[in-house]
Amino acid sequence: MSDIGQTCAQKILEARPGTYRIGMILGSGLGSLAGEVEDAVRIPYTDLPGFPVSTVTSHSSEVVVGLLSGVPVAILSGRAHFYESGDPSVMRPALETLKGLGCEILLATNAAGSLREEVGPGSPMLISDHINWSGRNPLIGEESESRFLDMSTAYDADLRAAMHKVAGQTGEPLAEGVYMWFSGPSFETPAEIRMAKTLGADAVGMSTVPEVIMARFLGMKVAAMSIITNLGAGLQDHALSHDETKAVALTGTDRMKQLVRGFVKEVSND
Ligand code: HPA
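Criteria and cut-off values
Numbers given for residues are sequential positions, taken from 1 along each chain in its written order. Whole-chain, interface and lining totals are the exception, using all residues; otherwise, since this is a predicted model, local features are given only for residues with pLDDT of at least 70 and side-chain atom pairs are given and counted only at 80 or more. Heavy atoms from the whole structure form the basis of all side-chain values; hydrogens and water molecules are not counted. Near residues are defined by distance, with any heavy atom within 4 Å of the molecule or strand qualifying the residue. Nitrogen and oxygen atoms within 3.5 Å of one another constitute a polar contact, given that in protein one can donate a hydrogen and the other can accept it, and given that sequence-neighbouring residues count only through two side-chain atoms. All accessible-area figures derive from a Shrake-Rupley calculation using a 1.4 Å probe, and residue coverage is judged against the displayed protein chains alone. In DSSP terms, a helix is any run of H or I states spanning at least four residues, a strand is any run of E spanning at least two, and both are numbered starting from the N terminus. Any residue outside Ala, Val, Leu, Ile, Met, Phe, Trp, Tyr, Cys, Pro, Asp, Glu, Lys and Arg is labelled polar, Gly included; the first ten of those are nonpolar and the last four are charged. Whenever a helix is involved, its axis is fitted only over the stretch in contact; in every case the axis is a line through C-alpha atoms, and angles between N-to-C directions fall within 0 to 180 degrees. Under this scheme an angle from 65 to 115 degrees is roughly perpendicular, one under 35 degrees roughly parallel, and one over 145 degrees roughly antiparallel; angles in between are oblique. By definition, turning the near helix anticlockwise from the far helix through less than a right angle yields a left-handed crossing, and turning it clockwise yields a right-handed one. Every residue pair with non-hydrogen atoms within 4.5 Å of one another is taken to be in contact. The rule for a salt bridge is simple: a side-chain nitrogen of Lys or Arg has to be within 4 Å of a carboxyl oxygen of Asp or Glu. Each residue is placed in one exposure class: buried if its accessible area under a 1.4 Å probe, protein chains only, is under 20% of its type's maximum, exposed if it is over 50%, and partly exposed if it falls in between.

A. Representation of the site of the ligand within the structure. Around the ligand, the neighbouring residues are A111, A112, G113, F187, E188, V204, G205, M206, T229, N230, L240 and T245. Interatomic distance of 2.8 Å between a side-chain N/O atom of E188 and a nitrogen atom of the ligand. At a separation of 2.7 Å, a nitrogen atom of the ligand approaches a polar side-chain atom of N230. Contact with the protein chains covers 96% of the free accessible surface of the ligand, which is 260 Å². Elements supplying a minimum of two residues to the shell around the ligand: β5 (105–114), β8 (203–205) and β9 (221–231). At three residues, β5 tops the list of elements feeding residues into the shell around the ligand. Grouping the amino acids of the shell around the ligand by side-chain chemistry returns six nonpolar, five polar and one charged.

B. Inspection of the packing of helix α5 (residues 157–169) against helix α9 (residues 253–268) at higher detail. Where α5 contacts α9, the two axes come as close as 9 Å, and the packing angle between them is 125°. The orientation of α5 with respect to α9, classified from their angle, is oblique. Seen from above, α5 lies across α9 with right-handed handedness. For the pair α5 and α9, contact is made by L159, A162, M163, K165, V166 and A167 and by R255, Q258, L259, G262, F263, E266 and V267, respectively.

C. Representation of the pattern of salt bridges. Applying the stated criterion to the full structure yields 14 salt bridges. One salt bridge connects E266 with K165, and the closest N-O pair in it is separated by 2.9 Å. Here E266, found in helix α9, pairs with K165, found in helix α5; they are 101 residues apart in sequence, far enough to count as distant. For K165, a relative accessible area of 44% translates into the label partly exposed.

As structure tokens, then:
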């Protein structure tokens, strides 16, 4: 791990000592969960060397450590995307910081477009696997042998089972599917969406995959979940927009919060 991760972790631990097994990256629609953390310490990314500054309007940029449903968590509230800088490893210092805080588990959330009509806007979708369509990888330039990272179990089976268990307790089954990473920031074309479907994707989006690769590289177990904000280009009768993404993501917030709160309790008992 780099010195940056250690330095930032130390700074956070000085502000709020604790053991943080569960780290999170909260994307569109779920930022308000960070506001519900109890006994919280909030540190702006600008106070942490190496941390990115997000230019996306719906994203805040702070680390929040504290208790969620009584469980210690370290939350990256807001992410920087590859499309903002062209750097697929832009979240590396932030993820190394989570690792430095003791996080063994990463839960990442995002907003995504669905390729399945039965999993429509407002629905959560647990990610079972991904397709990296961007051709970019945060480990490009990494020199250690561990850059040849196995990705065959990237989305941890036990963590997925925990999320399904929580969903089952709420009486609503949870969709699961393959997330395909497009670089963005333009949305896909209808032809690209048809291709994505043919290649086995269930949802498309502009984030998360580089973070998952980096988190696996750092040895964390990963779970990831999307809020579906629209059907993919050409599958719905109106144009796609970031305004729609932001507005519809909020309609899925309550359900996502319920799932995430249940999840942290469930996995903290392990
Ligand atoms: N495509 C890519 N990213 C997205 C979408 C989409 O349709 N919806 C929300 N994020």
